[in-house]
Amino acid sequence: MRLRRPLLAAFLLAALVDLGSLAAGYDPGHLAAKPLLMPLLAAYAALRGAPRLLLAALLCGWGGDVLLLSGAEPAFLAGMTSFAAGHVCYLVLFTRYGRPHAHQTFLLACYCVLLVNTVAALWPDLPAGLRLPVAGYSVLLTVMAYRAGTRFGRTAGIGGALFMLSDTLIAAGVADWPQPPRPDLWIMLTYIAAQVLLVSGALKVLDAHPPVARTYGEARSTTP
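Reading the values: rules and limits
- Residues numbered from 1 in each chain as written.
- Predicted model: local features only at pLDDT ≥ 70, side-chain atom pairs only at ≥ 80, totals over all residues.
- Heavy atoms only, no water.
- Phe/Tyr/Trp six-rings, centres within 6.5 Å; stacked < 30°, edge-to-face > 60°.
- Helix = DSSP H or I, 4+ residues; strand = E, 2+ residues; numbered from the N terminus.
- Buried < 20%, exposed > 50% of the residue type's maximum accessible area, 1.4 Å probe, protein only.
- Expected span 1.5 Å × (residues − 1).
- Contact = heavy atoms within 4.5 Å.
- Axes fitted to C-alpha atoms, helices over the stretch in contact; angles between N-to-C directions.
- Parallel < 35°, antiparallel > 145°, perpendicular 65-115°, else oblique.
- Left-handed = near helix turned anticlockwise from the far one by under 90°.
- Nonpolar A, V, L, I, M, F, W, Y, C, P; charged D, E, K, R; others polar.
- Patch = residues over 30% accessible without salt bridge, like charges linked within 9 Å, V, L, I, M, F, W, Y side chains within 5 Å.
- Areas by Shrake-Rupley, 256 points an atom, 1.4 Å probe, with all protein chains shown as cover.
- Salt bridge = Lys/Arg side-chain N within 4 Å of Asp/Glu carboxyl O.
- Lys, Arg positive; Asp, Glu negative; His and termini not counted.
- Core = buried A, V, L, I, M, F, W, Y, C linked by side-chain atoms within 4.5 Å.

Draft legend 1. Region of the structure containing the packing of aromatic side chains. Here the structure, examined in full by the defined rule, presents five aromatic pairs. Between Phe83 and Phe163, the ring centres sit 6.2 Å apart and the planes meet at 80°, which makes this aromatic pair edge-to-face. With Phe83 in helix α4 (residues 73-97) and Phe163 in helix α7 (residues 153-174), the pair connects residues that are 80 residues apart, well separated along the chain. Phe83 sits in the buried class, given a relative accessible area of 6%.

This is the structure in structure tokens:
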């Protein structure tokens, strides 16, 4: 309990250092702070009683963060694979512990239109070797974002949407589209916000409706 606030403060400090370094163009600060973000967030979530699937999703994100520090194409593909594994963890988490929410049909239609248009627009400008991996990853990411909103509520749903925005900015850079000033700043800002909202939304749902296994274990522990 006592470690929660220090860990949260350490995460926020690392996020500020990372974003500030990107805004100032100070690469050493970004290289030092970025790998700390997801382990600190995962440690905080663990102390909040997060299930292993949530921790695994964050640690897969950490793997992707580290791999994407390299600009080489093999590292990019490995990083994308690590993030994809994280999305699978999120999907299993949402399916196992979530509850249906309203507006599923509307959200599904919106995400389908967004997915098709984004992939179709990016496809001609992506390197040939990345077209299929990016398209497949985009499908998985879109499904994760959709399930976040329809199974874990608004907070997690916004997190999933921001994750899509962050990765779309990355893909636009790979496709050599015109970029806003300091594109890495906007990528990291939306990514950090996405992970925080996904964790917050998940913990909110799990606190309100504890998993059966957890409550059963608690019941057993109070029984002679």
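Back to the text.
Draft legend 2. Geometry of α7. The terminal C-alpha atoms of α7, which comprises 22 residues, lie 32 Å apart, in line with the 32 Å expected from a rise of 1.5 Å per residue. Those residues of α7 that fall on the buried side of the exposure criterion are Gly153, Ala156, Gly157, Gly159, Gly160, Phe163, Met164, Ser166, Asp167, Ala171 and Ala172. Elements that come into contact with the buried residues of α7 comprise α4, α5 (104-122), α6 (128-151) and α8 (183-208).

Draft legend 3. Summary view of the packing of α6 against α7. The interhelical angle for the contact between α6 and α7, taken along N-to-C directions, is 165°, at an axis separation of 6 Å. Taken together, the axes of α6 and α7 are roughly antiparallel relative to one another. The handedness of the crossing between α6 and α7 is left-handed. Along the contact surface, α6 presents Leu130, Tyr137, Leu141, Thr142, Met144, Ala145, Ala148, Gly149 and Arg151, while α7 presents Gly153, Ala156, Gly157, Gly160, Ala161, Phe163, Met164, Asp167 and Val174. Its residues placed into classes, the contact of α6 with α7 shows 11 nonpolar, five polar and two charged.

Draft legend 4. Structural view of the environment of Pro51. Its place among the elements puts Pro51 in the loop between α2 (27-47) and α3 (52-67). The spacing of Pro51 and Gly86 is 35 residues in sequence and 14 Å in space, taken between C-alpha atoms. Those residues in contact with Pro51 that sit more than four places away from it in its chain are Leu93, Tyr97 and Leu206.

Draft legend 5. Representation of the environment of Ala193 within the structure. For Ala193, the position within the fold is in helix α8. Residue class for Ala193 comes out partly exposed when judged on its relative accessible area of 26%. Measuring from C-alpha to C-alpha, the distance between Ala193 and Leu162 comes to 7.2 Å, with 31 residues separating the pair along the chain.

Draft legend 6. Representation of unusual backbone geometry in the model. Although it is not a glycine, Asp176 adopts a positive phi angle of roughly 65°. Within the secondary structure layout, Asp176 lies in the loop between α7 and α8. For Arg182, which is not glycine, the phi dihedral falls at a positive 50°. By secondary structure assignment, the location of Arg182 is in the loop between α7 and α8.

Draft legend 7. Representation of the packing of α5 against α7. One can describe the packing of α5 onto α7 by two numbers: an axis separation of 11 Å at closest approach and a directional angle of 10°. Taken together, the axes of α5 and α7 lie roughly parallel to each other. Contacts between α5 and α7 involve Tyr111, Leu114, Thr118 and Leu122 from the former and Gly157, Ala161, Met164, Thr168, Ala171 and Ala172 from the latter. Classifying every residue of the contact of α5 with α7 by side-chain character gives seven nonpolar, three polar and no charged.

Draft legend 8. View of a nonpolar patch on the surface. Together, Leu31, Leu59, Trp62, Val66 and Leu69 line one region of the surface with nonpolar side chains, adding up to about 410 Å² of accessible area. Take the nonpolar patch: its biggest share by element is three residues, from α3. Here Val66 is to be found in helix α3.

Draft legend 9. Just the side chain of Asp65, in detail. If you trace the backbone, Asp65 turns up in helix α3. Of the side chains with opposite charge, Lys34 lies nearest to the buried Asp65, which makes no salt bridge, at 4.6 Å.

Draft legend 10. Main features of the nonpolar core. Residues Tyr90 and Phe163 are the most contacted members of the largest nonpolar core, which totals 55 residues. Those elements giving two or more residues to this core turn out to be α1 (4-24), α2, α3, α4, α5, α6, α7 and α8. With 10 residues, α8 is the largest single contributor of residues to this core. Once residues within four sequence positions are removed from consideration, Phe163 is found in contact with Phe83, His87, Tyr137, Leu141, Met144, Tyr191, Ala194, Gln195 and Leu198.

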